[in-house]
Amino acid sequence: MSLSTDLTTTDTQTNSSKPTALQTAPIDKSYEFQEVEAKWLNDWAQAGLSIATMDSTKPCFSMVIPPPNVTGVLHIGHALNNTLQDILIRYKRMDGYNTLWVPGTDHAGIATQNVVERQLAQEGLSRHKLGREAFIQRVWEWKAKSGGRILEQLKRLGCSCDWSRERFTFDEGLSLAVKEVFVRLYEEGLIYKGDYIINWCPRCHTALADIEVEHEPQEGCIWRLKYPLKDETGYVVVATTRPETMLGDTAVAVNPNDARYAHLIGKELMLPLVNRPIPIIADDTVDMEFGTGAVKITPAHDFNDFETGLRHNLPVINIFDTSAHVNENGGKYQGMDRYEARKRILEDMSAIGLLEAEEKHSLAIGGCYRCKTVVEPRISKQWFVRTQPLAQKALAAVREKETVILPASWEKTYEEWMTNIKDWCISRQIWWGHRIPAWTCKTCGETIVAKDTPTACTKCNSTDLEQETDVLDTWFSSALWPFSTLGWPEKTRELEMFYPTSVLITSFDILFFWVARMLMMGIHFMEEVPFRYVYLHALVRDSQGQKMSKSKGNVIDPLTVMEKYGTDAVRMTLTALAAQGRDIKLAEDRIEGYRHFINKIWNATRLVLMNVNDSFEPLKDPESLIPRALKDKWILARLGKLIQSTRHNLDNFEFDEAARGLYHFFWHEYCDWYLELAKPAFQSLNDQERRITQQTAITVLDICLRLLHPIIPFVTEELWHNLPGSSGHIMTAEFPRPVPAWQNETAEAQMQELIEIITGIRNLRSEFNIHPGIRLKVQVFPHDDGIRELFSAQKTHLLALAKLETIDFYDTSQPRPKNAASVILKDVEIFIPLKDVIDLAGELKKLQKEEEKLLNDLQKTQAKLNNADFMARAPQEIREKEQQRFTDIETRLKRIKDHKATLSTIET
RNA sequence: AGGCGCGUAGCUCAGUGGUAGAGCGCUACCUUGACACGGUAGAGGUCGGCAGUUCAAUCCUGCCCGCGCCUACCA
């Protein structure tokens, strides 16, 4: 009798129920996702499964969504970002946490204002014609009607946010938080107002923060202009890429160590065209190597020049209006656009012989990140946040791992930025946004900053007060998102339970815009970091690695592909491709590939359900499942490992590995091998065998569905409800835990051997073109007892999977058959007599090929073993492995040689 | 200019100091009572190049070539 118990054909025990006849399929032949997705979205919402329970007996797990712009439409980046978040929140919810995922949108100052302004333009209106109040009213109307469509799209993606807690960065509560923060920072001296040079968008008519400017490399020109000395004794030649700014020059700077100009320092030049004397100054920031070594200084229109101007107390002459047209300081150029002015000035300089040269020059032009208009550096009164003290604490928090940034490579970038951070310009000259809570007394000039509108000047008691017209940078309000959405500044139960949030998942491109600022604000106002982990995922690009954009026409629209392949397929694809620290290059055929996987799950379930009859009783507890047969022991051992690795992957944000691990197990272990092995067992007359197989098949399926649910929620929920014995929703079922009793290395090794044998025989069938319908008789020469037992025990499986008619055993001392194809493994030789097809040449060719490969391997291994250094220094484990390998190859080689010898005795 | 990342099968991507993997595509065979959105068996790779470290390098180090991205005040 064999060790294993699943050899059933001779078993005669009485059966209490008949094997399940193939039943009518309980589910359709292929997965129709459209209805299923709609059904569960509705059902989950009705059941309120994603609403935070506020159950304080459970550990808490919380996240806030990176609020998409209220003007936004779901793009593939959102799909990735929110799929990853949803995976985590679903995992934690199933794993017993009290979960909260706060959704919401961002009011997106400039972006939203632009949208509504475009609408107005179509009606022949403008915001200025409308006036501030009416305009804002209009934006709110727009928001009510068409804003936040993206949230509906996120719902369709399956995002299990707590939709009862949806917030908006401009809603009432958050506006209160914004005022509170502004006033407190002002009172602490961390907000100030002043005249500084800022980036100005001449189209949006507002200041921009440094990081809101995008630099595009461009081919441009650099010109050399001659500036005559006032005393008419010569010229100084300056190099510039922006000749039009000469109208605002107030000095020319040279390096104090520059011998060429040393004698001119302190002298005056006569600025051409404007005929204004300007001094030659010495400043060691001037690079002697670049250009002519002499730099024209325009404090009003260049960041460096502004600094230089401050150092040398130079006058500041602003030459542009807010639309970057030359103003009254530009003399005859007044009214011209900056580029028109450039052209005219060059012509005029050329005409009077002061244009020395024009050269090609590549430069980085800064553009507005919203409208791409070339920004103009400009001096104006703006509000700033003094970031140094805030940044220091935020830097320390990350260094001390109070917040962990992943992948860790971003820490360095973060550190770099936080160390060199500049003050944050927070005022914007637009209308849509949080109006700065500051008033100026028109009587005495006092600035009053307060949460509530003051009735009188705090200094002179005048009632003639005027509120600041600027609004705050949108990122100012989103910086408060992790605590403002939880009710701050009130001391709420939500804050107590869910702050700090557990994880923030976002795209790396807003690390500075958003993540760093949340850290600064969170630490300052909550005295604790806003999140424990920041996971930064990559950008989704097209298959060529290009950024997706409408103008390039390379956009993969998530909604379109969701319609086409199903939401689960899209989620699965994004997840499987989301390797840490690497951009995702997405091609549509990958989504198609994962749709096939969804279908595979569907059909595997279909098979299992077809083989479970009404009398089947599901297990209450998977741990009570005691496998007897190799196939069951094996699949449970593999499943146990899968549970562990999936948990480990999710705990470590290795979403891609979790997805791929599940894919591989389900398709290539469960479907390819287990279910194929189970098919005959489902039909077995042996009650116990049939029952255990059914239970195992169901158990593995159940656990796989639960492991997969966070990634592909729809199909798993649907199938779960068809499993016998399931109750409730898979969404709130327990996330599988490892079952130690299922560990079984022996079963894994035996199964490996079985797979090798079956594959060997199939390979041979294929090489000899044996039609799949033909059943073969095989002769087996086992070299040890273990393999013999394996063959006996797994006979039914071998017969089924290798399509055999009979298996006969021979003693290894007996001669091998002559007209036969062979599979020669380490401890078994298998022969298939080919009566009708005596293909000696083919068999010899195959043996030859195998022999060559083995010889090659043998040589490599031998080289290693002969290497004294290897034997002396390689770890023992490796040496033994290599030794074992050598022996195995040798054995196989010898058997192949023997067989070749046998064959060569045949007359050809 | 500095920083970061990438270069692995035809394409899109995983991966590892000790015998190279997946999906799609390709070839041959198969409509077998879950699935042709399928099955079986294959072909296809000096793991960008050159050095170095190591018993051993696709993996670690340096340089080079190619490609991205981010930061930067070269007028």
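What counts, and where the lines are drawn
Residues numbered from 1 in each chain as written. Chains lettered and ligands numbered in written order. Predicted model: local features only at pLDDT ≥ 70, side-chain atom pairs only at ≥ 80, totals over all residues. Heavy atoms only, no water. Helix = DSSP H or I, 4+ residues; strand = E, 2+ residues; numbered from the N terminus. Rg over C-alpha atoms; globule rule 2.2 N^0.38 Å. Buried < 20%, exposed > 50% of the residue type's maximum accessible area, 1.4 Å probe, protein only. Contact = heavy atoms within 4.5 Å. Areas by Shrake-Rupley, 256 points an atom, 1.4 Å probe, with all protein chains shown as cover. pLDDT = per-residue confidence, 0-100. Pairing = 2+ DSSP bridges. Near = heavy atom within 4 Å. Polar contact = N/O pair within 3.5 Å; in protein donor to acceptor, adjacent residues only side chain to side chain. Nonpolar A, V, L, I, M, F, W, Y, C, P; charged D, E, K, R; others polar. Salt bridge = Lys/Arg side-chain N within 4 Å of Asp/Glu carboxyl O.

### Section: the overall build of chain A
Along the backbone of chain A there are 28 helices and 29 strands. Computed over C-alpha atoms, the radius of gyration of chain A comes to 38 Å, more than 25% over the 29 Å expected from 2.2 N^0.38 for 908 residues, which places it beyond the range of a compact globule. For the C-alpha atoms alone, the extent of chain A along its principal axes is close to 115 × 65 × 55 Å. Within chain A, buried positions represent 53% of all 908 residues. Summarising the internal contacts of chain A: among those between residues at least 6 apart in sequence, 78% fall at separations of at least 24. Of the roughly 41000 Å² that chain A leaves accessible, carbon and sulfur atoms contribute 48%.

### Digging into the confidence of the model for chain A
Mean pLDDT over chain A: 85, with 94% of residues reaching 70 or higher. Averaged pLDDT values over the elements of chain A bottom out at 70 in strand S24 (residues 540-542) and peak at 96 in helix H13 (residues 481-484). Contacts for the low-pLDDT stretch residues 1-18, under 50 throughout, to residues beyond four places or in other chains number 33 contacts. For this predicted complex, the interface confidence score (ipTM) comes to 0.92, while the overall pTM stands at 0.85.

### Things to note about the pairing of strand S7 (residues 213-228)
Side chains on a regular strand alternate between the two faces of the sheet. Taken together, the 13 bridges between S7 and strand S13 (residues 355-368) define a ladder with antiparallel strand orientation. Its bridge partner being in S13, arginine 224 is matched across the sheet by alanine 357. Examined bridge by bridge, S7 and strand S8 (residues 235-240) share 6 bridges and lie antiparallel to one another. By the bridge assignment, tyrosine 227 is partnered in S8 with valine 236. In sequence, S7 turns back onto S8 through a hairpin of 6 residues, with glutamate 232 there showing a positive phi of about 60°.

### Thoughts on the pairing of strand S11 (residues 276-282)
Direction of pairing for strand S9 (residues 251-254) relative to S11: parallel, over a ladder of 3 bridges. Along S11, the bridge assignment pairs valine 254 with alanine 282. Relative to S11, strand S10 (residues 268-271) runs antiparallel, the two sharing 4 bridges. Each residue of the ladder has a partner; that of glutamate 268, found in S11, is proline 279. If you look at the hairpin formed by S10 and S11, you'll find 4 residues sitting between the two strands, and leucine 273 has a positive phi there, around 70°.

### Here we look at the protein's contact with RNA strand B
RNA strand B sits among 55 residues. The nearest are Arg582, Lys585, Arg660, Asn763 and Arg873. Near the protein, within 4 Å, the atoms of RNA strand B are sugar or phosphate in 60% of cases. Within the side chain of histidine 596, one N or O atom sits 2.9 Å away from a sugar or linking oxygen of RNA strand B. Mapped by element, the contributors of at least two residues to the surface near RNA strand B are S8, helix H18 (588-610), helix H20 (655-682), helix H23 (745-767), helix H27 (868-873) and helix H28 (876-904). The element best represented in the surface near RNA strand B is H18, accounting for 11 residues. For the surface near RNA strand B, the class distribution of residues is 17 nonpolar, 16 polar and 22 charged.

### Overview of the side chain of arginine 342
One can find arginine 342 in helix H9 (residues 338-351). Judged by relative accessible area, which is 19%, arginine 342 ranks as buried. Of the polar contacts made by the side chain of arginine 342, one reaches the side chain of glutamate 244; its length is 2.9 Å. Setting aside residues up to four positions removed in sequence, arginine 342 forms contacts with Trp223, Thr241, Arg242, Pro243 and Glu244.

### So, the pattern of salt bridges
Oppositely charged side chains may form a pair once their charged atoms are brought near each other. Under the counting rule described, the total for this entry stands at 50 salt bridges. The shortest N-O distance in the salt bridge between arginine 737 and aspartate 95 comes to 3.6 Å. Of this pair, arginine 737 sits in the loop between helix H22 (713-720) and H23 while aspartate 95 sits in the loop between helix H2 (76-94) and strand S2 (98-102), and the two are 642 residues apart along the sequence. Overall, the relative accessible area of 43% leaves arginine 737 in the partly exposed class.

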